[in-house]
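# Fold and geometry: a report
Here is how the chains run, residue by residue.
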Amino acid sequence: MGNAFIYIGIGFVVVGIAYKFGLLDWFGNLPGDIKYKGEHTFVFFPVTSMLLLSVLLSLVMWFFNKG
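This section reports on the structure supplied with the text.

Conventions adopted
- Residues numbered from 1 in each chain as written.
- Predicted model: local features only at pLDDT ≥ 70, side-chain atom pairs only at ≥ 80, totals over all residues.
- Heavy atoms only, no water.
- Helix = DSSP H or I, 4+ residues; strand = E, 2+ residues; numbered from the N terminus.
- Rg over C-alpha atoms; globule rule 2.2 N^0.38 Å.
- Buried < 20%, exposed > 50% of the residue type's maximum accessible area, 1.4 Å probe, protein only.
- Contact = heavy atoms within 4.5 Å.
- Areas by Shrake-Rupley, 256 points an atom, 1.4 Å probe, with all protein chains shown as cover.
- Lys, Arg positive; Asp, Glu negative; His and termini not counted.
- Salt bridge = Lys/Arg side-chain N within 4 Å of Asp/Glu carboxyl O.
- Polar contact = N/O pair within 3.5 Å; in protein donor to acceptor, adjacent residues only side chain to side chain.
- 1 Å grid on protein atoms, 1.4 Å probe; cavity = no way out; pocket = protein on both sides within 12 Å on 5 of 7 lines; lining within 4 Å.
- Points joined across faces, edges and corners; volume = space filled by probe spheres on them.

### Things to note about the overall build of the protein chain
Across its full length, the protein chain holds 2 helices and 2 strands. From first element to last, N terminus to C terminus, the protein chain shows the α and β order α-β-β-α. Compactness check: the protein chain gives a C-alpha radius of gyration of 16 Å against a globular reference of 11 Å for 67 residues, more than 25% above the reference. Taken along the three principal axes of its C-alpha coordinates, the protein chain extends 50 × 25 × 20 Å. By the burial criterion, 6% of the 67 residues in the protein chain qualify as buried. The long-range share in the protein chain, meaning contacts at least 24 apart out of those at least 6 apart in sequence, stands at 3%. In the structure as shown, the protein chain presents an accessible area of about 6,000 Å², 74% of it carried by carbon and sulfur atoms.

### A short note on the side chain of Asp-33
Within the secondary structure, Asp-33 sits in the loop between helix H1 (2-20) and strand E1 (34-37). No salt bridge is formed by the buried Asp-33. Its closest oppositely charged neighbour is Lys-35, at 6.6 Å. Polar side-chain contacts of Asp-33 include one of 3.3 Å to the backbone nitrogen of Val-47. Here Ser-49 takes part through its side chain, which lies 2.8 Å from a polar atom of the side chain of Asp-33. Leave out the neighbours within four places in its chain, and Asp-33 touches Gly-28, Phe-44, Phe-45, Pro-46, Val-47, Thr-48 and Ser-49.

### Thoughts on the layout of surface pockets
Roughly 760 Å³ of internal volume is contained in the largest pocket. Gly-11, Val-15, Leu-53, Leu-57 and Val-60 are the residues nearest the centre of the largest pocket, which is lined by 18 residues in total. Of all the elements in the fold, those that place two or more residues in the lining of the largest pocket are H1 and helix H2 (47-66). Here the lining of the largest pocket gets 8 residues from one element, more than from any other, and that element is H1.

Here it is in structure tokens:
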């Protein structure tokens with residue numbers, strides 16, 4: 001279980017560095033992400049971004065559980 005926490009921490013650091021340097025600007029702006037801006041409201045449903053994230057996390061988990 002300790003190794004899992006280490007891998008998760010490394011993943012957070014990598015994502016944080018990528019976000020800081022602007023490598024994740026496309027996330028949330030993919031075709032299929034629903035944005036609605038009203039006069040006093042803003043609604044955002046990142047459908048495509050969450051599907052992509054789900055597939056990537058599933059592949060990562062499959063890779064680590066395979067061994």
